[in-house]
Amino acid sequence: MSPRRVLPPVLPSVLPTLVARNLRDGRFRALAAALALALAALVAPPIPVTRTGVSVLAVVDITGSMAVRDYPAAGGSMSRLETVKAALRATLPDLPCGSRVALGLFTDRRPFLLFTPVEVCADFAPLDGAIAALDPRMAWEGDSRIAAGLFRSIAMAGEIDADLLFLTDGQETPPLPASGGPTFDSRPGAVRGLIVGAGGYGLSPIPRFDDRGRETGFLGESDVQQENRSGPPPADAESREGYNPRNAPFGAQAAHGTEHLSSVREPYLKRLAAETGLDYVHLDGPGGLAAPLRAAATPRPLPGRLDPRPALLATALVLTLLALLAGPLARALRALRARAGHPAPTPAPTGAIRT
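Here the structure is a predicted model, which means the values were calculated and not measured.

A. Fine view of the overall build of the protein. Within the protein, the secondary structure is distributed over eight helices and 14 strands. The buried share of the protein, reckoned over its 355 residues, is 34%. If you sum the accessible surface of the protein, you get close to 20,900 Å²; carbon and sulfur atoms cover 60% of it.

Shown next as structure tokens:
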């Protein structure tokens, strides 16, 4: 029996060379990194993060002047209320998850709270739907006492621990008396927030609606109270025709004016903002409301968690695709360079040469 032949230990000497060659291969390194990222995604825990959000009570003016169509839109014009609704709906996705929004209506002299603050991400669909459903026909009174509604909205926001977003055109109906409007009795700035002035700067007609909520034209001068004759008369009352200090302190003639036309009452809203400690911004269109809202509202820390697994898996997928496509792409690039460096020869002309 012949002795068994022992083979030389080839594997230990070849293995370092093989490993070194693979490590120099970019595709191998990409696949190895992709495998490491995929394994990390299986065990990676959520990362705790803290974001800054807001808690806001949005009170929308739904009185008659908010139906004025003085915002340009594709193929026509857009009402103030529709523009306000579009701006609010566009603001919701710009707020970080964890932010909370409540919704209220304003008409006559008081706001009505539809619901307390809800989280903008978890309750996005019902919140967006509630804003979209706002309609002037929800108004329970025809008057629009802006200052009284604003002061009560501030108190309501403080009760639910929220900042205030008050959206209105600022038109008081009936007009303020000569003695002025109500005074703000609370501490200015105790509730932070933003007054948003809606509407154009030029006068526009106010739509008229019947008892069924159908538009039937526009209000005329005689349809709207042009002067508030409650309280003491104005300073020019004695110069009016038919003035009598007892029987006709405002004069004997009917008041004339432009209260049946409407524009954003920006100086008045700015004065109310200064009186209450709120900020003011004019609504130029359906967007651009998120930035001034975040600047005016109270920053509220929102603890949350960031899931790193989607990013890890996406990076692993990209590295895998690069490793698989690197070879074909490199060969195609070399072929293009070869064609560019060696152009095809121009064929010689055939046929008889004429002299």
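Once you've had a look at it, read on.
B. Quick peek at the environment of Ile 47. Counting through the fold element by element, Ile 47 comes out in strand S1 (residues 47–53). You can call Ile 47 partly exposed: its relative accessible area is 39%. Considering only alpha carbons, one finds Ile 47 and Pro 308, 261 residues apart in sequence, at a separation of 7.2 Å.

C. Local environment of the packing of helix H5 (residues 146–159) against helix H6 (residues 266–276). Across the interface, H5 lies against H6 with an axial gap of 11 Å and an inter-helix angle of 35°. Both H5 and H6 take part in a crossing whose hand is right-handed. Residue-level contacts link Ile 146, Ala 147, Leu 150, Phe 151 and Ile 154 of H5 to Tyr 268, Leu 269, Leu 272, Glu 275 and Thr 276 of H6. In terms of residue class, the contact of H5 with H6 is made up of eight nonpolar, one polar and one charged.

D. View of helix H3 (residues 80–91). In this model, H3 (twelve residues) spans 16 Å end to end at C-alpha, consistent with the 16 Å of a helix rising 1.5 Å per residue. The complete set of buried residues in H3 reads Arg 80, Leu 81, Thr 83, Val 84, Lys 85, Ala 87, Leu 88 and Thr 91.

E. Examining the nonpolar core more closely. Core analysis: the biggest nonpolar cluster contains 30 residues, and Val 60, Val 84, Leu 88, Leu 165, Leu 167, Val 196 and Leu 289 have the highest contact counts within it. At the level of secondary structure, the elements contributing two or more residues to this core comprise strand S2 (55–61), H3, strand S5 (100–107), helix H4 (124–132), strand S7 (163–168), strand S8 (193–197) and helix H7 (290–296). Among the elements that take part in this core, H3 stands out by supplying four residues, more than any other. Aside from chain neighbours lying at most four places away, what touches Val 60 is Leu 81, Val 84, Leu 88, Leu 103, Gly 104, Leu 105, Phe 106, Leu 134 and Leu 167. Counting residues in hydrophobic clusters, the runner-up holds 24 residues, among them Phe 106, Ala 147, Phe 184 and Leu 272.

F. Here's a closer look at the sheet that holds S7. Ordered in space as S6-S5-S2-S7-S8-S13, the six strands form an open sheet in which the pairing is mixed. The outermost strands of the open sheet, each flanked by one partner alone, are strand S6 (110–119) and strand S13 (279–282). For this sheet, the mean angle separating the axes of adjacent strands, direction not counted, is 20°. For S7 and S8, the ladder comprises five bridges, and the chain directions are parallel. In the sheet register, Leu 165 faces S8, and the bridge partner there is Leu 194.

G. Molecular detail of the pattern of salt bridges. Following the criterion strictly, the structure yields 17 salt bridges and no others. With a shortest N-O distance of 2.7 Å, Asp 223 and Arg 208 are connected by a salt bridge. Of the two residues, Asp 223 is situated in the loop between strand S11 (215–218) and strand S12 (261–262) and Arg 208 in strand S10 (residues 207–209); the sequence distance between them amounts to 15 residues. The salt bridge partner of Arg 229 is Glu 227, with a shortest N-O separation of 2.9 Å. By relative accessible area, which is 33% here, Arg 229 ends up partly exposed. The exposure class of Glu 227 is buried, given its relative accessible area of 18%. Taken together, the salt bridges that share partners define one network made up of Asp 70, Arg 80 and Asp 169.

H. Layout of the packing of aromatic side chains. Scanning the entire structure with this criterion turns up three aromatic pairs. The interplanar angle of 55° and the centroid separation of 5.7 Å between the aromatic rings of Phe 106 and Phe 166 together place this pair among those described as tilted. Of this pair, Phe 106 sits in strand S5 while Phe 166 sits in strand S7, placing them 60 residues apart in sequence. Note on Phe 112 and Trp 140: the rings are 6.2 Å apart at their centroids and 70° apart in plane angle, and the pair reads as edge-to-face. Taken together, the positions of Phe 112 in strand S6 and Trp 140 in the loop between H4 and H5 put the pair 28 residues apart, joining distant regions of the chain. Judged by relative accessible area, Phe 112 falls into the partly exposed class, the value being 47%.

Calculation criteria
Residues numbered from 1 in each chain as written. Predicted model: local features only at pLDDT ≥ 70, side-chain atom pairs only at ≥ 80, totals over all residues. Heavy atoms only, no water. Helix = DSSP H or I, 4+ residues; strand = E, 2+ residues; numbered from the N terminus. Buried < 20%, exposed > 50% of the residue type's maximum accessible area, 1.4 Å probe, protein only. Areas by Shrake-Rupley, 256 points an atom, 1.4 Å probe, with all protein chains shown as cover. Axes fitted to C-alpha atoms, helices over the stretch in contact; angles between N-to-C directions. Left-handed = near helix turned anticlockwise from the far one by under 90°. Contact = heavy atoms within 4.5 Å. Nonpolar A, V, L, I, M, F, W, Y, C, P; charged D, E, K, R; others polar. Expected span 1.5 Å × (residues − 1). Core = buried A, V, L, I, M, F, W, Y, C linked by side-chain atoms within 4.5 Å. Pairing = 2+ DSSP bridges. Salt bridge = Lys/Arg side-chain N within 4 Å of Asp/Glu carboxyl O. Phe/Tyr/Trp six-rings, centres within 6.5 Å; stacked < 30°, edge-to-face > 60°.

Coordinates in, geometry out; function isn't part of it.
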